[in-house]
Amino acid sequence: FTLRSGSEPVVLLSAGVGATPVLAMLHALAAEKSNRPVWWLFGARNREEHPFQEESRSLLQELKYGHSYIQYSRPRPTDRRGVDFDAAGHLAVSAFDKIGVPHDGQFYLCGPAAFLRELTAGLAAWGVTADHIHTEIFGTLDSITPGMKAETHSPHLPAEPAGFGPQVSFARSGLTLPWNAKYQSLLELAEACDVPVRWSCRTGVCHTCETALIAGNVEYDPEPLDPPATGDALICCSRPRGEVILDL
Ligand code: FES
């Protein structure tokens, strides 16, 4: 996932902390005083979760043809449209014609899996050829599955006294126990039970913790950047709303 040399426009598309690798590209373009048109397209939940805001803005100002378009999926009342962000909602290819994104650019995408899937499909449908689309998922499975060796996991009830909440079942692990409000999330409860889990951001951005919800409903706090697929739950930022059965 590296910046290719050439004269074509460069379109840097990212969400949340997925901005990190494409920010390095923006630094490189600014350092060489590139004459290429450069687009910085970024999605976040709101200003509080908008990393590198000042840094990206000042780098774009160093470029002759720098453009920026920021979308907040859940802007707060204090977030300033036209200053902090340009539009509410999720970043989508459907807006690109209106804002003037060039079809013939090299597109570099970094963010959660769902973000990459959606935008890659959108770009292909918009006429961008595969050799102009470069993607990098935020996080990798090997480094974000701590302790996944089978022999180290033997799911068990937590050491502390049971809670008084609705029943939570980890179906694959054969465990059912009452929810305890001392946990911030279903992920924390699973960890307390030594149930094998996957996670990375723990804040509802990367979807690494996405798990099939066999039965029941959950509520989110914080709300995820993008909702999980129908029938799934992001366990890092959710709690049970009534009895739940998770495919864990
Ligand atoms: S761990 Fe990233 S969304 Fe749950």
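Residues numbered from 1 in each chain as written. Predicted model: local features only at pLDDT ≥ 70, side-chain atom pairs only at ≥ 80, totals over all residues. Heavy atoms only, no water.

Here the focus is the overall build of the protein chain. Of the regular secondary structure elements, the protein chain holds five helices and eleven strands. Based on the C-alpha atoms only, the size of the protein chain along its principal axes is roughly 65 × 40 × 30 Å. Within the protein chain, the fraction of its 248 residues that count as buried is 46%. Taken as a whole, the protein chain presents about 12100 Å² of accessible surface, with 53% of it coming from carbon and sulfur. Computed over 20 positive and 29 negative side-chain charges, the separation of the two mean positions in the protein chain equals 4 Å. (Helix = DSSP H or I, 4+ residues; strand = E, 2+ residues; numbered from the N terminus. Buried < 20%, exposed > 50% of the residue type's maximum accessible area, 1.4 Å probe, protein only. Areas by Shrake-Rupley, 256 points an atom, 1.4 Å probe, with all protein chains shown as cover. Lys, Arg positive; Asp, Glu negative; His and termini not counted. Charge placed at Lys NZ, Arg CZ, Asp CG, Glu CD.)

For the rest of this paragraph, the subject is unusual backbone geometry. A cis amide bond, omega 5°, links Asp 221 with the succeeding residue Pro 222. Within the fold, Pro 222 resides in the loop between strand 9 (210–220) and strand 10 (232–234). Even without glycine at this site, Asp 194 takes up a positive phi of about 60°. With respect to the secondary-structure elements, Asp 194 resides in the loop between helix 5 (186–192) and strand 9. Asp 194 sits in the partly exposed class, given a relative accessible area of 24%. Positive phi values are uncommon outside glycine, yet Arg 202 reaches one of about 60°.

As a further point, take the sheet that holds strand 10. Pairing is mixed across the open sheet formed by five strands, whose spatial order is 8-7-11-9-10. Of all strands in the sheet, those with a lone pairing partner are strand 8 (175–178) and strand 10, marking the two edges. When the angles between neighbouring strand axes are averaged without regard to direction, this sheet yields 40°. In terms of strand pairing, strand 9 meets strand 10 through three bridges, oriented antiparallel. (Pairing = 2+ DSSP bridges. Axes fitted to C-alpha atoms, helices over the stretch in contact; angles between N-to-C directions.)

In terms of domain boundaries, the protein chain breaks down into domain 1 (10–137) and domain 2 (143–246). Centre-to-centre, using C-alpha coordinates, domain 1 lies 32 Å away from domain 2. On the domain 2 side, the residues contacting the ten residues of domain 1 number ten residues. Roughly 790 Å² is buried in total at the junction of domain 1 and domain 2, and carbon and sulfur atoms are behind 55% of that figure. The interface formed by domain 1 and domain 2 includes one salt bridge. Glu 223 serves as the salt-bridge partner of Arg 74, at 3.5 Å between the closest nitrogen and oxygen. Summed over the shared surface of domain 1 and domain 2, the result is four residue pairs in polar contact (both at pLDDT 80 or more). Residues belonging to the side of domain 1 that touches domain 2 are distributed by class as follows: five nonpolar, three polar and two charged. (Domains from an automatic or database assignment. Contact = heavy atoms within 4.5 Å. Buried area = accessible area lost by both parts, 1.4 Å probe. Salt bridge = Lys/Arg side-chain N within 4 Å of Asp/Glu carboxyl O. Polar contact = N/O pair within 3.5 Å; in protein donor to acceptor, adjacent residues only side chain to side chain. Nonpolar A, V, L, I, M, F, W, Y, C, P; charged D, E, K, R; others polar.)

Attention now goes to the environment of Ala 233. Structurally, the position occupied by Ala 233 is in strand 10. Considered as a pair, Ala 233 and Tyr 220 are 13 residues apart in the sequence and their alpha carbons are 9.3 Å apart. If we ignore the near neighbours within four places in the chain, the residues touching Ala 233 are Cys 209, Glu 210, Thr 211, Leu 213, Val 218, Tyr 220 and Pro 228.

Further remarks concern the pairing of strand 3 (residues 66–72). Note: strand 2 (residues 38–44) against strand 3, seven bridges, orientation parallel. Along strand 3, the bridge assignment pairs Ala 44 with Tyr 72. Crossover strand 2 to strand 3 through helix 2 (residues 53–62) is right-handed. Direction of pairing for strand 3 relative to strand 4 (residues 87–88): parallel, over a ladder of two bridges. What sits directly across from Gln 71, in strand 4, is Ala 87. (Right-handed = clockwise from strand over helix to strand, strands pointing away.)

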